[in-house]
Amino acid sequence: MTEENKAKVDAIIRKWSGKRGALIMALHELQGQFGYVPWEEALYLGQELGIPMAKIYECLTFYNYFKVKAPGKYVISVCDGTACHIKGGASLLEELEKELGVPAGTTTDDGLFYVQVVRCLGCCGLAPVMVINGVTYGKLTTDKIKSILNEWRAKEGK
Amino acid sequence: MVEMTPEQIEKLKAVGRMQKDKLLQLGKDFTANNEKYDATIFTCNATSCHSGGGQNVYEALKQALETAGLTDRVRLVATGCMGLCAAGPMTRIEIKGRRPFLYKEMTPDVAHLIVEQHIKPLLGHPEIELKLAPHLEEKELSMDLPFFTKQRRVVLKHLGSSDPEDLGEYVANGGYQALIKCLFEMTPEQVLDEIKKSGLRGRGGGGFPTGKKWELLAKAPLVDGEKFIICNGDEGDPGAYMDSCILGGGAHSVLEGMLIAAYATGATSGWFYVRAEYPLALERVELAIKQAKKAGILGKNIFGTDFSFMAELRIGAGAFVCGEETALMMSLEGNKGTPRPRPPYPTEKGLFQKPTIINNVETWANVPQIILNGADWFASVGTETSKGTKVFALTGKVKHSGLVEVPMGTTVKEMVEDVGGGTSTGKPFKAVQTGGPSGGVIPAKELNLPLCYEELKKIGSMMGSGGMIVMDESDSMVEIAKFYLGFTVDESCGKCAPCRLGGYQMLKLLTKIAAGKGTHADLEKIKEIGSAMQKGSLCGLGQTSPNPVLSTIKYFPEEYEALLQDKDEKKGC
């Protein structure tokens, strides 16, 4: 763990130390800082807050929201809530997986894209929906997937 | 904790009394300032419209007003949910002396046209005829649509017509006056009676009488000086976003409901538990707590009374089971969210082993309205046993998809055909699904079914939190059952065997049937497992997860039958 990272974790520890039920919130903040929950930093957090690593690991793997590996630079969330599902959300995912060559829950080899399935983003009126790093694509059809990915690739000069 | 001297307490109370006057003044100041404007542009920036470009529309309107030099005559407000999400981003123009006008599918490029052609000519001349360019005219959305006229917005009343970040506006709209009424004119017992009399029932799904729940907490003694109330904002039903919008557009109304409950029950602090997937809701709850602390609405000796209360925000982490109250409390305590058997009920041993009650976001938001308008007013709406209104997220293959609030007892037909405007595909309507992964389908032949707790339960579905998915002829009921069961199997916490193993085996059989490889024996087995899960599972998730499967088998047996290998052998299902 670098000094810089340690300082970031220390700030989280200071905020949540001594507070009841702090673990989930502290993990949220860790993920907020690093994009995922890095092992060494989580271990340090646990030591300082007096929480065994087994319990931290239990929570990290129980809750869908936490990532234990660094995701790709661009996180693609495909909604498979009910409204999106019946309007073709699953076919969007298929197309994405085909286009990127990786299944959901993984990062592409070039480290650029991470694909995940989410359950409802709260904008069912726009179903089916996909979000890439905060940019929402609503009422989406499979034929648009390729050009959307190319737009993001172009940002990287690829 | 250091005990305060009587003098210190008296001083604190004096400050509190001033804070009450200051808060009410904040509302008056807002009204006075608002009257200066000749027109208001409300533009929706709730999650759905925001995702559809609502923020850009807001910026473009702001720019257009600045260019036209109209910022001191026209107020521009980014609001909470206006309701018709499918037609978003929506913008409503209100000019003094004229009927409100609604624009749908807004884009930033028409912002200056709206200011030039709609607002400028009509300012000060509300009687003249409105002349719009054809492509602007096309964007008009009639306010006379049954989508709007059939609704009765109580909880959502101010969502689409106020700034959710302005405490003054909330107060100007009657906000925190229910709390003040409770603190200064009512005893805790009277507040409790009023809620009981109103007939309010939990809006999170179960429909437990709210007043009864509160009474249990009121009777429970403090443990180590503490009792808790929790706001359940872990809206996990995929395809439902009522709580997200209520918190995003009216967090103060939820907080006020919690404060009133705390006064009635003697609870010492409150916790918001909100999904991590709802950034806007989280932001607004955080802001509401911050504003309330600053204004003296949260803290010690609130408004100079003996009533003290604090509230905190905790974030969920993507586990559907955490919507179940005992699992939610486990999560709040910083553990993995698995349920535990009841009794002991949360009112005896709840969060951190202290007496606790949990209510859903929408339930809390109803409370201030009941106190302000009276229990009789609330009970005058709805059916014999389901009082008041209910918010639904009307989605799926329906034309006017969005967030709606209707009186309890509204029929499925009114919801789908009038409010929803029929199917979006033009194909015949087949069924609606309510209650999400815990609910069931209502087939087209039950169109006259009134939406209320008992009737929905009777036909094998449930109210749930308010997700309502419309399906047309082309949707396969076996597929939809598989979708929901797949979801609950994925979300099962694994603690009890009926849910962990039953769900998994049931899904295996259902997948087999969907692939055309199943038999009548498999179908019988599914029903058997389903019944065992309903009876034997530890918590609501497992008890209700067979519902989507069993209810589709009940109402659409022919769809299962058609997929069976031995379909020609007469057995019936």
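Quick notes on the rules
- Think of each chain on its own: its residues are numbered from 1, step by step along the sequence as written.
- In the order they appear in the text, chains get letters beginning with A and ligands get numbers beginning with 1.
- Residue-level local features of this predicted model are given only where pLDDT is at least 70; pairs of side-chain atoms are given and counted only at 80 or more, and the full residue set underlies all totals for whole chains, interfaces and linings.
- The way it works is that DSSP assigns letters per residue, a run of H or I at least four long becomes a helix, a run of E at least two long becomes a strand, and they are numbered from the N terminus.
- Three classes are used. A residue is buried when 20 or more other C-beta atoms lie within 10 Å of its own, exposed when 12 or fewer do, and partly exposed in between, with C-beta atoms placed from the backbone.
- Two residues qualify as being in contact provided that their C-beta atoms, derived from the backbone, are within 7 Å of each other.
- Axis geometry follows a simple rule: fit a line to the C-alpha atoms, using only the stretch in contact for helices, then measure angles between N-to-C directions, giving values from 0 to 180 degrees.
- With the far helix as reference, a near helix turned anticlockwise by less than a right angle produces a left-handed crossing, and one turned clockwise produces a right-handed crossing.
- Polarity classes work like this: nonpolar for Ala, Val, Leu, Ile, Met, Phe, Trp, Tyr, Cys and Pro, charged for Asp, Glu, Lys and Arg, and polar for all others, with Gly in that last group.
- We treat two strands as partners when DSSP finds at least two bridges between them.
- Domain start and stop points were drawn from an automatic or database domain assignment.
- Nonpolar cores are identified as sets of buried Ala, Val, Leu, Ile, Met, Phe, Trp, Tyr and Cys residues joined via C-beta atoms within 7 Å.
- By this rule the span expected of a helix is its residue count minus one, scaled by 1.5 Å.
- Throughout, the term roughly parallel applies to angles under 35 degrees, roughly antiparallel to angles over 145, roughly perpendicular to angles from 65 to 115, and oblique to all others.

A. Just the overall build of chain A, in detail. Secondary structure assignment for chain A yields 7 helices and 4 strands. N-terminal to C-terminal, the α/β element order of chain A is α-α-α-α-β-α-α-β-β-β-α. Summarising its shape, the C-alpha atoms of chain A cover approximately 50 × 35 × 20 Å along the three principal directions. Looking at chain A residue by residue over its 158 residues, the buried ones come to 40%. Intrachain contacts of chain A at a sequence separation of at least 6 include 60% that bridge at least 24 residues.

B. Spatial organisation of the packing of helix H2 (residues 23-34) of chain A against helix H3 (residues 39-49) of chain A. Residue and element names in this part refer to chain A. Axis separation between H2 and H3 bottoms out at 11 Å; the angle between their running directions is 150°. Crossing handedness for the pair H2 and H3: right-handed. Contacts from Ala-26, Leu-30 and Phe-34 of H2 reach H3 at Glu-41, Ala-42, Leu-45 and Leu-49. Per-class residue counts for the contact of H2 with H3 are 6 nonpolar, no polar and 1 charged.

C. A look at the sheet that holds strand S9 (residues 356-360) of chain B. Residues and elements named next belong to chain B. Ordered in space as S8-S7-S6-S9, the 4 strands form an open sheet in which the pairing is parallel. Looking along the sheet, the strands with just one partner apiece sit at the ends: strand S8 (310-315) and S9. Neighbouring strand axes in the sheet, compared pairwise and without regard to direction, differ in orientation by 20° on average. Direction of pairing for strand S7 (residues 269-274) relative to S8: parallel, over a ladder of 6 bridges. Each bridged residue has a counterpart across the sheet, and for Tyr-273 the counterpart in S8 is Arg-314.

D. Up close: unusual backbone geometry. Note the cis peptide between A:Ala127 and A:Pro128, where omega equals -5°. Position of A:Pro128 among the secondary structure elements: in the loop between strand S2 (113-118) and strand S3 (130-132). Of the consecutive residues B:Arg342 and B:Pro343, the connecting peptide bond is found in the cis state with omega at -5°. Residue position: B:Pro343 is located in the loop between helix H13 (325-332) and S9.

E. Layout of the domain arrangement of chain B. Residue and element names in this part refer to chain B. Assigned domains within chain B: domain 1 (37-143), domain 2 (159-379) and domain 3 (478-561). Measuring from the centre of the C-alpha atoms in domain 1 to the corresponding centre in domain 2 gives 34 Å. The residue makeup of the side of domain 1 that touches domain 2, split by class, is 7 nonpolar, 4 polar and no charged.

F. Looking closely at the nonpolar core. All names here are of chain B. Residues Val-254, Met-258 and Ile-260 are the most contacted members of the largest nonpolar core, which totals 218 residues. Element by element, the count of residues in this core is highest for helix H11 (residues 242-265), at 14 residues. Apart from residues lying up to four places away in sequence, Met-258 is in contact with Ile-229, Cys-231, Gly-270, Ala-311 and Trp-364.

G. Examining helix H12 (residues 279-294) of chain B more closely. Residue and element names in this part refer to chain B. With 16 residues, H12 extends 23 Å between its outermost C-alpha atoms, agreeing within 8% with the 22 Å of an ideal straight helix rising 1.5 Å per residue. Within H12, burial applies to Ala-281, Leu-282, Arg-284, Val-285, Ala-288, Ile-289, Gln-291 and Ala-292. Elements in contact with the buried residues of H12: helix H7 (167-172), strand S6 (228-233), H11, S7 and S8. Following H12 by one or two positions, Gly-296 adopts a phi angle in the positive range, close to 80°.

H. Local environment of the interface of chain A and chain B. Taken together, the contacts link 31 residues of chain A with 35 residues of chain B. When residues of the side of chain A that touches chain B are traced back to their parent elements, those giving at least two are H2, helix H4 (53-62) and helix H5 (82-86) of chain A. Looking at side-chain class alone, the side of chain A that touches chain B contains 18 nonpolar, 10 polar and 3 charged residues.

I. Structural detail: the packing of H2(A) against H4(A). All names here are of chain A. Following both chains from N to C, one finds H2 and H4 inclined at 70°, their axes separated by 11 Å at the closest point. Accordingly, the angle class assigned to the pair H2 and H4 is roughly perpendicular. Between H2 and H4 the crossing geometry is right-handed. Here Leu-23, Ile-24 and Leu-27 of H2 come into contact with H4, specifically with Ile-56, Cys-59 and Leu-60. Partitioning the contact of H2 with H4 into residue classes produces 6 nonpolar, no polar and no charged.

J. Representation of the pairing of S9(B) within the structure. Residues and elements named next belong to chain B. Most of S9 is tucked away: 5 of the 5 residues are buried. Residues of S9 alternate between two faces, with Thr-356, Ile-358 and Asn-360 on one and Ile-357 and Asn-359 on the opposite face, all of them buried. In this structure, S6 lies alongside S9, joined through 5 bridges in parallel fashion. Within the sheet, the bridge partner assigned to Cys-231 lies in S9 and is Asn-359.

K. Spotlight on the domain arrangement of chain A. When the domains of chain A are assigned, the result is domain 1 (3-62) and domain 2 (74-155). Distance between the C-alpha centres of domain 1 of chain A and domain 2 of chain A: 30 Å.

L. Here's a closer look at the sheet that holds strand S3 (residues 91-95) of chain B. Residues and elements named next belong to chain B. Across the sheet, 5 strands lie side by side as S2-S1-S3-S4-S5; this open sheet has mixed pairing. Of all strands in the sheet, those with a lone pairing partner are strand S2 (74-79) and strand S5 (140-141), marking the two edges. Where strand S1 (residues 39-44) meets S2, 6 bridges bridge the pair, whose relative direction is parallel. Pairing of Ile-41 across the sheet is with Leu-76, part of S2.

M. Focus on the environment of A:Tyr57. Residues and elements named next belong to chain A. When you line up the elements, Tyr-57 lands in helix H4. For Tyr-57, a count of 16 C-beta atoms within 10 Å puts it in the partly exposed group. Remark: the alpha-carbon pair of Tyr-57 and Trp-39, spanning 18 residues in sequence, is separated by 9.2 Å.

N. View of the environment of B:Leu523. Within the secondary structure, B:Leu523 is located in helix H20 (residues 520-536). In this structure, the C-alpha to C-alpha distance between B:Leu523 and B:Leu564, residues 41 residues apart in sequence, is 8.8 Å.

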